[in-house]
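One-letter residues, chain by chain:
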Amino acid sequence: MTSVFRPWINGALIAVLLAVAGGASAQSFDHSHAAFDTLLKKHVRLAGRGNSSQVDYRGFAADRTALAGYLRQLTAVTPAQYGGWSKAQQYAFLANAYNAFTIEKILTRYPRINSIRDFGRVIGNPWKDEFFTLLGAKRNLDWIEHETMRAPGVFDDPRVHVAVNCASVGCPMLGRDAFVAERLDAQLDDLFGRFMSDRSRNRYNAQAQTVELSQLFDWYRKDFEQGHKGFASLQDVVARYAEQLADSPADRAKLRTKAVPIRFVGYDWRLNDVEH
């Protein structure tokens, strides 16, 4: 009788051990994203009075083994683990993954690359190419940003556009800190404020009496018209960041009326690399 039940007992024991191991794995993911945080602090340099940044891709290339280790941490996360996390933990995970995999994508051609668009708009499209695995399936960058982070009812946060970085000069800056759940809201507010303070991308043209905003706001206007995070229109964005966009009290007051015309400035797709 003992011999009959021994296989079942062994199978049950293995199942228990696997469950315990799975639970340990779920708990072992580093939500501080320390490995990526270290790399960002080492290889991202502030520019433009701290309102923009440049990426030392040569430095990242030298630390590619460390970057690969972090990417493996991301890839190892299962859908079940992810589903058990808080919204803030999920958001930080996705934003960091987007930025880390984008850097890795650039490194596949660096230094023989001048723009992320060099990968191609149709063949080799960097945003549609499924070049990594995340949450148990082959993914692309568009899946992270558009199908997940921007999906209605998931996060409903237009600040996603300062969270994910497209490796371009025209893009909002890549921060020097990895996103973490406990500071996520403050991190997003800080990056959005810096972006609006960057006069090379967003500004009030007093001579033309026009607000000049990054083309990003034209492409994703609808994200700022849903009432999320207090934004129901681009004029709401202008009014909230009047101090960043204009210098004189009179001009700032004018922007708060939400009646100043808006035009969009061209996007700079050059690689956001440091000058070597």
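Before reading further, recall that the structure is shown in the block above.
What counts and what doesn't
Residues numbered from 1 in each chain as written. Predicted model: local features only at pLDDT ≥ 70, side-chain atom pairs only at ≥ 80, totals over all residues. Heavy atoms only, no water. Helix = DSSP H or I, 4+ residues; strand = E, 2+ residues; numbered from the N terminus. Buried < 20%, exposed > 50% of the residue type's maximum accessible area, 1.4 Å probe, protein only. Contact = heavy atoms within 4.5 Å. Areas by Shrake-Rupley, 256 points an atom, 1.4 Å probe, with all protein chains shown as cover. Lys, Arg positive; Asp, Glu negative; His and termini not counted. Charge placed at Lys NZ, Arg CZ, Asp CG, Glu CD. Pairing = 2+ DSSP bridges. Axes fitted to C-alpha atoms, helices over the stretch in contact; angles between N-to-C directions. Salt bridge = Lys/Arg side-chain N within 4 Å of Asp/Glu carboxyl O. Left-handed = near helix turned anticlockwise from the far one by under 90°. Nonpolar A, V, L, I, M, F, W, Y, C, P; charged D, E, K, R; others polar. Core = buried A, V, L, I, M, F, W, Y, C linked by side-chain atoms within 4.5 Å. Phe/Tyr/Trp six-rings, centres within 6.5 Å; stacked < 30°, edge-to-face > 60°. Lys NZ or Arg CZ within 6 Å of the ring centre and 35° of its normal.

A.B. asks: For this particular structure, what's the right way to read the overall build of the protein chain?
C.D. replies: A tally of regular secondary structure across the protein chain gives 13 helices and 7 strands. Taken along its principal axes, the extent of the C-alpha atoms in the protein chain is 95 × 40 × 35 Å. A burial count over the protein chain gives 48% of its 276 residues as buried. Residue pairs at least 24 apart in sequence account for 67% of intrachain contacts in the protein chain once pairs closer than 6 positions are excluded. As presented, the protein chain carries roughly 13,500 Å² of accessible surface, and 53% of it is formed by carbon and sulfur atoms. Here the protein chain carries 35 positive and 30 negative side-chain charges, and the mean point of each set is 2 Å from the other.

A.B. asks: It is not clear to me how the environment of Gln 235 should be interpreted in this structure. Could you clarify?
C.D. replies: Mapped onto the elements, Gln 235 comes out in helix α11 (residues 234-240). Once you skip the residues sitting within four places of it in the chain, Gln 235 turns out to touch Lys 258, Ala 259, Val 260 and Ile 262.

A.B. asks: Would you mind showing me how to read the sheet that holds strand β6 (residues 210-214) here?
C.D. replies: Strand-to-strand pairing in sheets goes through backbone hydrogen bonds, with the strands running parallel or antiparallel. Pairing within the open sheet is mixed, and its 3 strands lie in the order β5-β6-β7. Edge positions in the open sheet fall to β5 (203-205) and β7 (262-265), since each of these has one partner strand only. Ignoring which end each strand starts from, the neighbouring axes of this sheet average 35° apart. Note: β6 against β7, 4 bridges, orientation parallel.

A.B. asks: Honestly, the pattern of salt bridges in this entry has me stumped. Any pointers?
C.D. replies: The full count for this structure, using the stated rule, is 19 salt bridges. Among the ionic pairs, Asp 189 bridges to Arg 159, the shortest N-O distance being 2.8 Å. Here the residue Asp 189 occupies a position in helix α9 (residues 184-197), and Arg 159 occupies one in the loop between α7 (141-149) and α8 (160-163), the gap between them amounting to 30 residues. Among the residues examined, Asp 189 registers a relative accessible area of 36% and is labelled partly exposed. As a salt-bridge pair, Glu 243 and Arg 256 come within 3.7 Å of each other at their nearest N and O atoms. On the criterion of sequence distance, the pair formed by Glu 243 in helix α12 (residues 242-245) and Arg 256 in the loop between α13 (249-255) and β7 is long-range, its members being 13 residues apart. Residues participating in the shared-partner salt-bridge network are Asp 157, Arg 159, Asp 185 and Asp 189.

A.B. asks: How do you make sense of the packing of helix α2 (residues 34-43) against helix α4 (residues 64-76) when you look at a structure like this?
C.D. replies: Helices that pack against each other are described as a pair by the angle of their axes relative to one another and the distance between those axes. With their axes 9 Å apart at the nearest point, α2 and α4 run at an angle of 145° to one another. As for the relative orientation of α2 and α4, their crossing is left-handed in sense. Residues Ala 35, Phe 36 and Leu 39 of α2 touch α4, and the partners they reach there are Ala 66, Leu 67, Tyr 70 and Gln 73. A breakdown of the residues in the contact of α2 with α4 according to their chemical character gives 6 nonpolar, 1 polar and no charged.

A.B. asks: Would you explain the pairing of β6 in this entry?
C.D. replies: On any regular strand, side chains alternate: one points to one face of the sheet, the next to the other face. Within β6, 5 of the 5 residues are buried, which leaves it mostly tucked inside the rest of the structure. One ladder, built from 3 bridges, connects β5 with β6; its direction is antiparallel. Across the sheet, Tyr 204 pairs through a bridge with Val 211, a residue of β6. In sequence, β5 turns back onto β6 through a hairpin of 4 residues, with Gln 209 there showing a positive phi of about 50°.

A.B. asks: So what exactly am I meant to see when it comes to the nonpolar core here?
C.D. replies: It is characteristic of soluble globular proteins that their nonpolar side chains tend to be buried jointly. Judged by nonpolar contacts, the single largest core of 77 residues is most densely connected at Phe 93 and Leu 134. If one sorts the elements of this core by residue count, helix α6 (residues 87-107) sits on top with 12 residues. Those residues in contact with Phe 93 that sit more than four places away from it in its chain are Phe 29, His 33, Leu 74, Val 77, Tyr 82, Trp 85, Leu 134 and Leu 135.

A.B. asks: What's the story with the packing of aromatic side chains in this structure? I'm lost.
C.D. replies: Aromatic ring pairs are defined here through the distance separating the ring centres and the angle between the ring planes. For the coordinates displayed, the defined rule picks out 22 aromatic pairs. A centroid spacing of 4.8 Å and a plane angle of 50° characterise the contact between Trp 219 and Tyr 267, whose relative ring orientation is tilted. Here Trp 219, found in helix α10 (residues 215-219), pairs with Tyr 267, found in the segment after β7; they are 48 residues apart in sequence, far enough to count as distant. Relative accessible area serves as the criterion here: at 13%, Tyr 267 is assigned to the buried category. Through pairs of rings, three or more aromatic residues link up here, namely Phe 192, Phe 195, Phe 217, Phe 224, Phe 231 and Tyr 241. Its end group placed over the ring of Phe 119, Lys 105 keeps NZ or CZ at 4.8 Å from the ring centre. The ring of Phe 131 carries the charged tip of Lys 105 above its face, separated from the ring centre by 4.7 Å.

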